[in-house]
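Overview (structure and organization)
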Amino acid sequence: MADKELTYQDVAEHNTKKDLYVVIHDKIYDATKFVDEHPGGEEVLLDVGGQDATEAFEDVGHSDEARETLEQLLVGSLKRKPGDPAPKAQASSLAPVANTSSAGFGTALYGIVLAGALLAFGAYQYLQSQQAKEA
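Definitions and cut-offs
- Residues numbered from 1 in each chain as written.
- Predicted model: local features only at pLDDT ≥ 70, side-chain atom pairs only at ≥ 80, totals over all residues.
- Heavy atoms only, no water.
- Helix = DSSP H or I, 4+ residues; strand = E, 2+ residues; numbered from the N terminus.
- Contact = heavy atoms within 4.5 Å.
- Areas by Shrake-Rupley, 256 points an atom, 1.4 Å probe, with all protein chains shown as cover.
- pLDDT = per-residue confidence, 0-100.
- Pairing = 2+ DSSP bridges.
- Core = buried A, V, L, I, M, F, W, Y, C linked by side-chain atoms within 4.5 Å.
- Buried < 20%, exposed > 50% of the residue type's maximum accessible area, 1.4 Å probe, protein only.

**Concerning the overall build of the protein**
Of regular secondary structure, the protein possesses 5 helices and 5 strands. When contacts within the protein are restricted to residue pairs at least 6 apart in sequence, long-range pairs at least 24 apart make up 71% of them. As displayed, the protein offers around 9,700 Å² of accessible surface, 57% of which is attributable to carbon and sulfur atoms.

**Describing the confidence of the model for the protein**
Averaged over every residue, the pLDDT of the protein is 83; residues scoring 70 or more account for 85%. Averaged pLDDT values for the elements of the protein fall to 86 in strand β1 (residues 4-7) and rise to 92 in strand β4 (residues 27-30).

**With respect to the sheet that holds β1**
Strand order in the open sheet formed by 5 strands is β1-β5-β4-β3-β2, and the pairing between neighbours is mixed. Each edge of the sheet is formed by a strand with only one pairing partner; in this case those strands are β1 and β2 (15-16). In terms of strand pairing, strand β3 (residues 19-24) meets β4 through 4 bridges, oriented antiparallel. Residue valine 22 lies in a different strand from β4, and its bridge partner there is tyrosine 29.

**What about the pairing of β4?**
Hairpin connection of β3 to β4: 2 residues between the antiparallel strands, including histidine 25 at a positive phi of 55 degrees. Bridge analysis of β4 against strand β5 (residues 74-79) gives 3 bridges, and the strand direction is antiparallel. The residue of β5 that forms the bridge with tyrosine 29 is leucine 74.

**With respect to the nonpolar core**
Among soluble globular proteins, nonpolar side chains are generally buried collectively. Leu20, Val22, Ile24, Tyr29, Leu45, Ala53 and Leu70 are the most contacted members of the largest nonpolar core, which has 13 residues in total. Every element with two or more residues in this core is listed here: β3 and α2 (42-48). Counting residues per element, this core draws most heavily on β3, at 3 residues. Apart from residues lying up to four places away in sequence, leucine 20 is in contact with His14, Asn15, Tyr29, Asp30, Ala31, Thr32, Val35, Leu45, Leu46 and Gly49. With 8 residues, the next largest nonpolar core counts Val23, Ile28, Val75 and Leu78 among its residues.

**Examining unusual backbone geometry**
Positioned with a positive phi, histidine 25 is a non-glycine residue whose angle comes to about 55 degrees. Structurally, histidine 25 is set in the loop between β3 and β4. Non-glycine residue aspartate 26 carries a positive phi angle of around 60 degrees. By secondary structure assignment, the location of aspartate 26 is in the loop between β3 and β4.

See below:
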């Protein structure tokens, strides 16, 4: 049964609680039997029923067990046609890489400020001791 190839329009027709398909990474899953068991509630599935749910699925960070359950619901693959909505997110997408190139400069700046403060404190103490000797 997992060898079907459906269009986005075919999938869009399956958007009710009694007939619910979702698309995740261009694979089509029949979530009808899973609607009542879904830990996040049926509303979550119904909101993405008949649509590409890739982004919603990946944003939640589903467990390996959830992904195994998903494979048991596989119906087929999505045959994209011109005019279909573009895929939302890919399986290999990662969070944006943080820009840490300036982090070293910030740390070095704190070190320089601290060294300058210690030097100024030492100079102050020296000058205070010199004044005390003169008085």
